[in-house]
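Results of the structural survey
Each chain, written out:
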Amino acid sequence: MKQKEMIVMSILVKSVSFDDYRNTQLNEKCANFLQSAEMAKLQESQDHIEKVEALVFERDGLRVAQAIVVYKKSFRVFKKALLLHGPLLDYHSSCWFDREILEALILYLRKKNIATLSIHPYLTNLIRNEKLENIEVDKASDVLEVFETLGFEHSLDSEQSLVVNQMFVKSIESFASSDEILAAFSPSLKRDLKKFTALNVKTEELDEHQLDQFYDILSRTAERKGFSVHPLVYFQNLKKCFGKSAKFMLAYLDCPAYLAYLDENIQSFEAKIQDLKEGPQKKRTKGQIADAEDQLRSYYKRLEQFKSYQIKTDKLPLSAYLFMDYGPEIVSFYGGNDEAYLNFGGAVLLHWEMLKYAKSKSKKHFNFYGTIETEAASSGKGNFNFKRQFGGQLETLVGSFDKTLNPFYDILKKTLGKD
């Protein structure tokens with residue numbers, strides 16, 4: 001037997017190159033970019049990661065599962081193995097089949113002296129609608145049972161500190177076109193899209209030399225909302241690894257066009273008011289003049305507000321997001337907004353542009369990814385409230401499964417606390 005191969009029952013576990021792994025990484029329904037060869041190469045460049053390995057599982061010569069395994073040091077003397085949104089396999093096809101693959105993985109890692117294993121499957125267990133009403137529950141109960149019989153501890157991290165476990169997902173494969181998607185939006189969202197477009201908010205994709213624009217907005221958003229982000233070099237390396245599949249998008253205000261828009265409306269309402277005052281004074285004329293004057297004041301207020309920004313360039317950055325084009329979905333992975341300019345709706349337009357892009361690429365769904373702040377939705381605030389306006393469902397994954405492979409690890413953990 002080769003050094004990097006191991007047979008458990010009918011399952012052969014084999015370590016392969018990232019290029020070999022890439023050949024079949026999209027075969028399973030649960031395929032996702034965290035379990036890709038591209039992500040593996042990116043993770044290799046991170047200092048806190050000791051090693052990244054691509055594994056495949058074969059039965060009778062056929063590849064039946066695969067996984068990107070990340071190895072980290074724990075308590076300096078131990079190693080832990082993590083499968084983030086993996087392994088890739090046909091869940092639900094056979095509980096015994098799932099069990100054999102997991103048993104093979106456990107034995108393989110024990111032979112490598114790995115102390116602890118943490119698995120986070122990309123598998124939905126609970127689906128709720130925009131009103132947080134249950135649609136489907138315990139979808140992965142059979143898989144959860146397999147993990148429990150193998151001695152794994154089950155948990156669900158509400159903070160999503162290590163990996164996303166709750167996502168807002170919009171299925172788009174039933175729509176014939178992006179026009180149909182637009183037609184299905186609520187009247188308020190359609191009005192917002194029309195309004196923000198009229199304000200001359202525009203979108204563009206940033207190239208590898210412009211990622212500082214994305215990072216500036218992201219880092220300020222992280223500081224404001226209290227979450228941590230990777231350094232800029234992480235995103236630069238991500239772009240190198242994923243290429244065109246990593247789409248860094250920017251929404252900006254076209255300042256000269258916006259000023260022209262304000263000037264045009266100011267002149268239009270001034271002329272309308274003048275015509276109304278000089279024309280026949282009918283019963284409704286007074287009300288029409290009052291309405292027009294309110295509109296005029298609104299445009300003058302916007303003009304004064306814009307002048308207060310003291311913008312020196314033709315482009316005013318509003319929002320920036322990283323979208324991952326991978327497999328059957330587009331994922332809104334990272335992003336943020338300049339708080340001072342939320343009224344221009346940069347994030348709304350960016351997500352609409354990428355929804356249209358997803359449809360043009362025949363994607364099955366658009367994944368708004370990590371979704372929190374469900375409690376704030378009733379007051380019209382928060383991350384979930386923003387996403388649900390596009391329509392879709394809130395999917396909670398099955399969670400995390402942890403198993404100690406070396407009993408001495410638990411002893412040290414109890415003595416020293418968390419690693």
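The text that follows walks through the structure, step by step, so that each part is easy to find. Only a predicted model underlies this, so the values are computations on that prediction, with no experimental measurement involved.

1. Here's the deal with the packing of aromatic side chains
Scanning the model with the defined rule gives 28 aromatic pairs in all. Between the aromatic rings of Phe147 and Phe152, the centroid separation amounts to 5.1 Å while the plane-to-plane angle is 80°, which identifies the pairing as edge-to-face. For the pair shown, Phe147 and Phe152 are each scored as buried. Where Phe269 meets Tyr299, the ring centres are 5.8 Å apart and the plane angle is 25°; that geometry is what we call stacked. Residue Phe269 is located in helix H9 (residues 255-278), and its partner Tyr299 is located in helix H10 (residues 285-309); the two are separated by 30 residues in the primary sequence. Across the pair, Tyr299 and Phe269 agree in class, each one buried. Here the aromatic residues Phe168, Phe185, Tyr321, Phe323, Trp352, Phe366, Phe368, Phe384, Phe386 and Phe390 are joined through ring pairs into a cluster of three or more. The residue whose ring lies beneath Lys315 is Tyr252, and the NZ or CZ to ring-centre distance is 4.6 Å.

2. Observations concerning unusual backbone geometry
Of all residues except glycine, most have a negative phi; of all peptide bonds, most are trans. Pro87 follows Gly86 through a cis peptide bond whose omega is 0°. With respect to the helices and strands, the residue Pro87 is situated in the loop between strand S5 (78-84) and strand S6 (88-89). For Gln310, which is not glycine, the phi torsion reads 55° and is therefore positive. The topology assignment puts Gln310 in the loop between H10 and strand S14 (315-326). Relative accessible area serves as the criterion here: at 59%, Gln310 is assigned to the exposed category. Positive phi is not limited to glycine here, since Glu373 has a value of about 55°. Structurally, Glu373 is set in the loop between strand S16 (365-370) and helix H12 (382-388).

3. Quick notes on helix H4 (residues 141-149)
Among all positions in H4, only Val143, Leu144, Val146 and Phe147 are buried. Projected onto a plane normal to the axis of H4, the buried residues spread over an arc of 155° and lie on a single side. Downstream of H4 by one or two residues, Gly151 has phi in the positive range, about 85°.

About the cut-offs
- Residues numbered from 1 in each chain as written.
- Predicted model: local features only at pLDDT ≥ 70, side-chain atom pairs only at ≥ 80, totals over all residues.
- Heavy atoms only, no water.
- Phe/Tyr/Trp six-rings, centres within 6.5 Å; stacked < 30°, edge-to-face > 60°.
- Buried < 20%, exposed > 50% of the residue type's maximum accessible area, 1.4 Å probe, protein only.
- Helix = DSSP H or I, 4+ residues; strand = E, 2+ residues; numbered from the N terminus.
- Lys NZ or Arg CZ within 6 Å of the ring centre and 35° of its normal.
- Arc of directions from axis to C-beta.

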